[in-house]
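Observations on chain architecture
So the chains spell out like this:
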Amino acid sequence: MSIERADQAAVKAADRAHVFHSWSAQAHLVPLPVQRAAGSSFWDYDGNRYLDFASQLVNANIGHQHPKVVAAIQEQAATLCTVAPGFAVDVRSEAARLVAERTPGDLDKIFFTNGGAEAVENAARMARLHTGRPKLLSAYRSYHGATGTAINLTGDPRRWASDTGTAGVVHFHGPYLYRSPFHATTEREECERALAHLEETIALEGPDTVAAVVLETIPGGSGILLPPPGYLPGVRAICDRYGIVMVLDEVMAGFGRAGRWFALDHYLDQDAAPDLVTFAKGVNSGYVPLGGVAISAAIAADWDERPYPGGLTYSGHPLACAAAVATLGAMAEEGIVEHAAHIGETVLGPGLRALAERHPSIGEVRGTGVFWALELVRDRETREPLVPYRPRGDEGRPTAELAAACKRRGLWPLVAGNRLHVVPPCTIDAAEVEEGLAILDEALAAADAHTTAGATSAA
């Protein structure tokens, strides 16, 4: 089959014959063949356009086919496609400098990986080696990747099938006021009680056994759960009290997604910076796989005189780093981070809140920048989720019908659990946002039909 001449049927047939897809029951997959993409949209082989309200996997921050990034990859490919990590390369050094320029405090050394999961793996390794302690703490409502340590750090149901129970990971409850595990009624109560719970967990586990607290700055896949004011500074203070490394996972929330270069910029001052920051996705919008760890001076110094026991063949791959340099340059030159903040504040956020006034299936609207979620419920009074925590079989039908309704209307959604995540590219314009909101307004009728209000109306 010629790639240039492939039609939709041939692409679909080859995929079903040979491609093993992630997180999927293979026999039930019907993947959409995609032919091309540009800006905030992509097209199938029949010419149907889909407005990408998922940014693929929340990684196409700069949009599809940004000309500056495409040109940078092409130019790098013509000069130096690949070289081992041990060499000094201009684009690798520049990519590291540009990331370090935007990290807080003294996180000035960058270890490059192939993606977010490997970034988390290496951050965990660094924390354990730095402290000489075995345990890692992470939140139940979290996702940190699908590799060995990262999947055990993950709190959501994707962990269950691979949880060894011996990985040295202890989970705790992070703040989540809408469904507060602490019976809090205000953000202040939620913050204080969540911090007390974390410190008690550390005390019960033994502070001298805990290497790191690993947190998504804003938990993304678990619901875009913005931490209450004071929570992350409180975690920093607890970590300092017990000599624990603070790791912030910015894989999803970083590089403009939350309307700042890093989501942590919303919550932490320079003098309260984390010790390690993991990143990936938006650093080059996924054009070529790239992730990394930003490392504080104290931790980086551990390996001044001894080798760091870790590495990857493709660490700092030239094509990936060229894409990162171009992405970060374009984001700065074109004011893309500021644009994401403005779109969220003036169009996307107000538009989603307006939808909540019309649709009984929306229990809460949360977000910042172009990082939003609608919490979907059967009943606003009881807050019963539209689907269970881990839906099985027909239990997931309400959100499946919502996703299908979006796709029929030309919107590609991101549905996770009982939530609809609204995470378009940082470059999306106001007209495209309004287009997407109008589609959601129609599609949400599919979710409303499964609410108590919808059942009453139907009766």
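Anyway, here's the lowdown on the structure attached to this text. (Residues numbered from 1 in each chain as written. Predicted model: local features only at pLDDT ≥ 70, side-chain atom pairs only at ≥ 80, totals over all residues. Heavy atoms only, no water.)

For Arg36, the position within the fold is in strand β1 (residues 34-38). As a C-alpha pair, Arg36 and Arg49 span 13 residues in sequence and 9.7 Å in three-dimensional space. Dropping the residues within four chain positions of it, Arg36 is found in contact with Phe42 and Trp43. (Helix = DSSP H or I, 4+ residues; strand = E, 2+ residues; numbered from the N terminus. Contact = heavy atoms within 4.5 Å.)

The next subject is the packing of helix α7 (residues 187-205) against helix α8 (residues 231-242). Where α7 contacts α8, the two axes come as close as 10 Å, and the packing angle between them is 25 degrees. In terms of their interaxial angle, α7 and α8 are classed as roughly parallel. Handedness of the α7/α8 crossing: right-handed. Residues Cys191, Ala194, Leu195, Leu198, Glu199 and Ile202 of α7 lie in contact with α8, whose contacting residues are Tyr231, Gly234, Val235, Ile238, Arg241 and Tyr242. Tallied by class, the residues present in the contact of α7 with α8 amount to 9 nonpolar, 1 polar and 2 charged. (Axes fitted to C-alpha atoms, helices over the stretch in contact; angles between N-to-C directions. Parallel < 35°, antiparallel > 145°, perpendicular 65-115°, else oblique. Left-handed = near helix turned anticlockwise from the far one by under 90°. Nonpolar A, V, L, I, M, F, W, Y, C, P; charged D, E, K, R; others polar.)

Next up on the list: the nonpolar core. Of all hydrophobic cores here, the largest spans 92 residues; its most connected members are Tyr231, Leu352 and Leu440. Of the residues forming this core, the biggest block, 10 residues, is contributed by helix α10 (residues 318-333). Dropping the residues within four chain positions of it, Tyr231 is found in contact with Phe172, Gly174, Pro175, Cys191, Ala194, Leu195, Leu198 and Leu215. In terms of nonpolar packing, the next biggest core, distinct from the first, is built from 25 residues, Ala119, Leu153, Val293 and Ala300 among them. (Core = buried A, V, L, I, M, F, W, Y, C linked by side-chain atoms within 4.5 Å. Buried < 20%, exposed > 50% of the residue type's maximum accessible area, 1.4 Å probe, protein only.)

The subject of this paragraph is the sheet that holds strand β4 (residues 109-113). Sheet architecture is open: 7 strands sit in the order β4-β10-β9-β8-β7-β5-β6, paired in mixed fashion. Looking at strand neighbours, the two that pair on one side only are β4 and β6 (169-172), the edges of this open sheet. Ignoring strand direction, the axes of neighbouring strands in this sheet form an average angle of 20 degrees. Alignment of strand β8 (residues 245-249) against strand β9 (residues 276-279), held across 3 bridges, turns out to be parallel. Directly across from Leu248, in β9, lies its bridge partner Val277. Its contacts with the sheet put α8 on β6, β7 (210-216) and β8, and the angle it makes with β8 is roughly 150 degrees. (Pairing = 2+ DSSP bridges.)

For the rest of this paragraph, the subject is the pattern of salt bridges. In the structure shown here, the tally under the stated rule is 24 salt bridges. Linking Glu442 and Arg409 is a salt bridge whose minimum nitrogen-to-oxygen distance equals 2.9 Å. With Glu442 in helix α13 (residues 430-443) and Arg409 in the loop between α12 (397-408) and β14 (411-412), the pair connects residues that are 33 residues apart, well separated along the chain. On the accessibility criterion, Arg409 (35% relative accessible area) is partly exposed. Several salt bridges share partner residues, and in doing so they unite Glu94, Arg97, Glu101 and Arg102 into one network. (Salt bridge = Lys/Arg side-chain N within 4 Å of Asp/Glu carboxyl O.)

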